[in-house]
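Residue-level structural notes
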Amino acid sequence: MITRRQHIANVALQLFGEKGFANTSTQAVAKAAGVSEALIFKHFGSKDQLLDFIIKSGYQRIIEQNRGGMLETDALAFIHSVIDLPYKMVQDEPYFWKLQYRLADYETARQQHERFMRPVPARLQQAFEQLGYPEPQKETELLLLLIEALWKIEANQPDEHVRDMLEFIKRKYGPQ
């Protein structure tokens, strides 16, 4: 059963994702959630603390849901899972990723994203080394740039070509 606190956070996430954090008042969140504005402040203290809760709990969910992906031992399967992951995450939680896109300069969002991504570059480089790529570090950097751009496109304005591009990228990365 969902708590009232989590219900408020879910409604706020949807509104912040659709309209932006700055353009959504706590009064609008309260009305959409069917609670008083005072209850929002009781549970979260401030609008900024509500946003921090949404970001941190969102990344916690994502880490828990994708924990096993970093344990993939097959190098090519790992690379392909990294390619698929951002698209899958945007599909699973579109409001969260739309909000992340909007909050690129927000400190908590940036920190949580960096924490989430921290283990990925080393594992990708190791996978490219195992597959015999001559410049595994450059391949890692290139793939991360491509994936970053594509999830942002999908989060901001879903595009039918993103999925095709991800499949194209997967075909390009295979055994050397």
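Source: prediction; values computed, not measured. (Residues numbered from 1 in each chain as written. Predicted model: local features only at pLDDT ≥ 70, side-chain atom pairs only at ≥ 80, totals over all residues. Heavy atoms only, no water.)

Residues three or four positions apart in an α-helix share a direction because the helix packs 3.6 residues into each turn. Residues of helix H7 (residues 107-117) that are buried include every one of Thr-108, Ala-109, Gln-112, His-113 and Phe-116, and no others. For H7, the arc enclosing every buried residue in end-on projection is 130 degrees, short of the 170-degree limit, so these residues lie on one face. Where H7 is buried, its residues contact helix H4 (47-65), helix H5 (75-92), helix H6 (94-102), helix H8 (120-130) and helix H9 (136-156). (Buried < 20%, exposed > 50% of the residue type's maximum accessible area, 1.4 Å probe, protein only. Helix = DSSP H or I, 4+ residues; strand = E, 2+ residues; numbered from the N terminus. Arc of directions from axis to C-beta. Contact = heavy atoms within 4.5 Å.)

This paragraph deals with the nonpolar core. Counting 31 residues, the largest nonpolar core has Ile-8, Phe-16, Ile-40, Leu-50, Ile-54 and Trp-97 as its most contacted members. Sorting elements by how many residues they give to this core places helix H1 (residues 4-19) first, with seven residues. Filtering out sequence-adjacent residues up to four positions away, Ile-40 remains in contact with Ile-8, Thr-26, Val-29, Ala-30, Val-35, Gly-45 and Leu-50. (Core = buried A, V, L, I, M, F, W, Y, C linked by side-chain atoms within 4.5 Å.)

Turning to the packing of helix H2 (residues 26-33) against helix H3 (residues 37-44), a few remarks are in order. In the contact formed by H2 and H3, the axes pass within 8 Å of each other and the chain directions differ by 105 degrees. On the basis of the axis angle, H2 is roughly perpendicular to H3. Residues Thr-26, Gln-27, Val-29 and Ala-30 of H2 pack against Glu-37, Ile-40 and Phe-41 of H3. Along the lines of polarity and charge, the residues of the contact of H2 with H3 split into four nonpolar, two polar and one charged. (Axes fitted to C-alpha atoms, helices over the stretch in contact; angles between N-to-C directions. Parallel < 35°, antiparallel > 145°, perpendicular 65-115°, else oblique. Nonpolar A, V, L, I, M, F, W, Y, C, P; charged D, E, K, R; others polar.)

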